[in-house]
Amino acid sequence: MILLHFSPIDLKRLAMNGFQTARRGLLLLALGAALTGCAMLENKPVVNEANTATLSGSLDYRSPTALPTDSVAVVELLSALDDRVLSAQRQELEGKQAPVAFAVKVPVNKLSPGVYYRLRGTILQHDRALWVSDPVDVRLDDRTLELGTLLLHPARTAAFTSRLDCGGRSATVGMVVENNQDHFRLLLGDERIELRPTASASGSRYIGIGVPATEVWFHGDKARLTLRSAVLPECSVVNDAATALSLQGVEWVVEDIGGGGVIDNSRATLNFGQDGKLTGRASCNSYTAAYTWSGNSLSIGQGASTMMACAPALMDQERRFVDILQGVQRYEFSDTGALVLVDGQGRKVTARH
């Protein structure tokens, strides 16, 4: 064993060195903790209000009907070109009644100056629309835009009927609205079978309720009908049922005006409201007009529009569009489901939804 002898001075020096070493260790630990804290703060997402635009207003409707306590208000900002949702606000109302205030925020890097976007509001219950607004065209050149009140109207789904010819055997598939509920039905001979829509990789698929192994699967103008596991011959959708389609409940986007097409990235639209009002974009300006229809006859009255000026080519397209609309006498549906408006001179406006 080796014994070490230290003098009192040596012991004092060792104690001081140990204190300095411990002190340096504590300082290093504190510095490390501070740096770790900084790193944690740097990784925390920071919301920069300066990089967002805000659209505010309220949703309201003219009815004494109260909103269900589990209603949800949804306001969406959409691309005017492809209806892609750019931003949305969803509010659980929890018994709150109209008017419902909203403030939709959207990152400015998703917006372009001078470009129109579309805003729409909806009141939902269990993901079913109860009240909807007509789409509103907005332009976000400023960071804030106050839209005032968006009036809502009852949401109604356009009924449809499709007649099928399945190798000489006729069937009818349709949707009707009863007691504010959508009902899908199959009529085949003396049978009436209730259907419900279901997810499919392609086309539109409906399966029987209470009737096993029964379904109707649409693929364009063809359909496959299975009744209790028996697959009928391939069905063709007969076009004479197209006149039962409703003009209302959807927005029609114009793809041709008078046979001359439309200017790329321009937008002309038709919204046939249940109140007898036709609204939309005429290419440059928004418009509104009264309309009446019976069977395939359609008449559009003198309208009113905003007074914005656009590029000459766009203004010319708008004039042609409005001119045909004011002379429309009838409508029809093409083999591919497009809406065709025809005026007294045979000129046509073609649109799709």
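Residues numbered from 1 in each chain as written. Predicted model: local features only at pLDDT ≥ 70, side-chain atom pairs only at ≥ 80, totals over all residues. Heavy atoms only, no water.

A.B. asks: Mind laying out the state of the cysteines, listing which residues take part and the relevant values?
C.D. replies: Throughout the structure, instances matching the rule amount to 2 disulfides. The disulfide that involves C166 links it to C235, with 1.9 Å between the sulfurs. Around the S-S axis, the bridge from C166 to C235 shows a dihedral of about 105 degrees and counts as right-handed. With a gap of 69 residues between them, C166 in strand 9 (residues 160–166) and C235 in strand 17 (residues 235–238) connect regions that are remote in the sequence. On the basis of relative accessible area, C235 is assigned to the buried category, the value being 0%. One disulfide bridge connects C284 with C310, the sulfur atoms lying 1.9 Å from each other. Torsion about the S-S bond of the C284 and C310 cystine: about 75 degrees, corresponding to right-handed handedness. (Disulfide = S-S within 2.5 Å. Helix = DSSP H or I, 4+ residues; strand = E, 2+ residues; numbered from the N terminus. Buried < 20%, exposed > 50% of the residue type's maximum accessible area, 1.4 Å probe, protein only.)

A.B. asks: Lay out the packing of aromatic side chains in plain terms, naming residues and giving numbers.
C.D. replies: On inspection of all chains with the given rule, the structure shows 5 aromatic pairs. Consider the rings of F272 and Y291, whose centres lie 5.1 Å apart with planes at 85 degrees: the pair is edge-to-face. With F272 in strand 19 (residues 269–272) and Y291 in strand 21 (residues 286–294), this pair connects stretches of sequence that are 19 residues apart. A single burial state applies to F272 and to Y291, both of which are buried. Through successive ring pairs, a cluster of aromatic residues spans F184, Y206 and F218. For R205, the ring lying beneath its charged end belongs to W217, and the centroid distance is 4.6 Å. The aromatic ring of Y116 is capped on one face by R281, whose charged end is 4.7 Å from the ring centroid. (Phe/Tyr/Trp six-rings, centres within 6.5 Å; stacked < 30°, edge-to-face > 60°. Lys NZ or Arg CZ within 6 Å of the ring centre and 35° of its normal.)

A.B. asks: Report on helix 2 (residues 312–326), specifying residues and quantitative values.
C.D. replies: The end-to-end C-alpha distance of helix 2 is 21 Å, a good match for the 21 Å that 15 residues give at a rise of 1.5 Å each. Among the residues of helix 2, those classed as buried are L314, M315, Q317, E318, F321, I324 and L325. (Expected span 1.5 Å × (residues − 1).)

A.B. asks: Go over the pattern of salt bridges with me, naming the residues and quoting the values.
C.D. replies: Considering all chains together, one arrives at 14 salt bridges under this definition. Among the ionic pairs, E251 bridges to R118, the shortest N-O distance being 2.5 Å. Of this pair, E251 sits in strand 18 (residues 251–257) while R118 is found in strand 5 (residues 116–125), placing the two residues 133 residues apart along the sequence. The salt bridge partner of R347 is D323, with a shortest N-O separation of 3.0 Å. Pair noted here: R347 is in the loop between strand 25 (339–343) and strand 26 (348–352) and D323 is in helix 2, with a separation of 24 residues, a long-range link. (Salt bridge = Lys/Arg side-chain N within 4 Å of Asp/Glu carboxyl O.)

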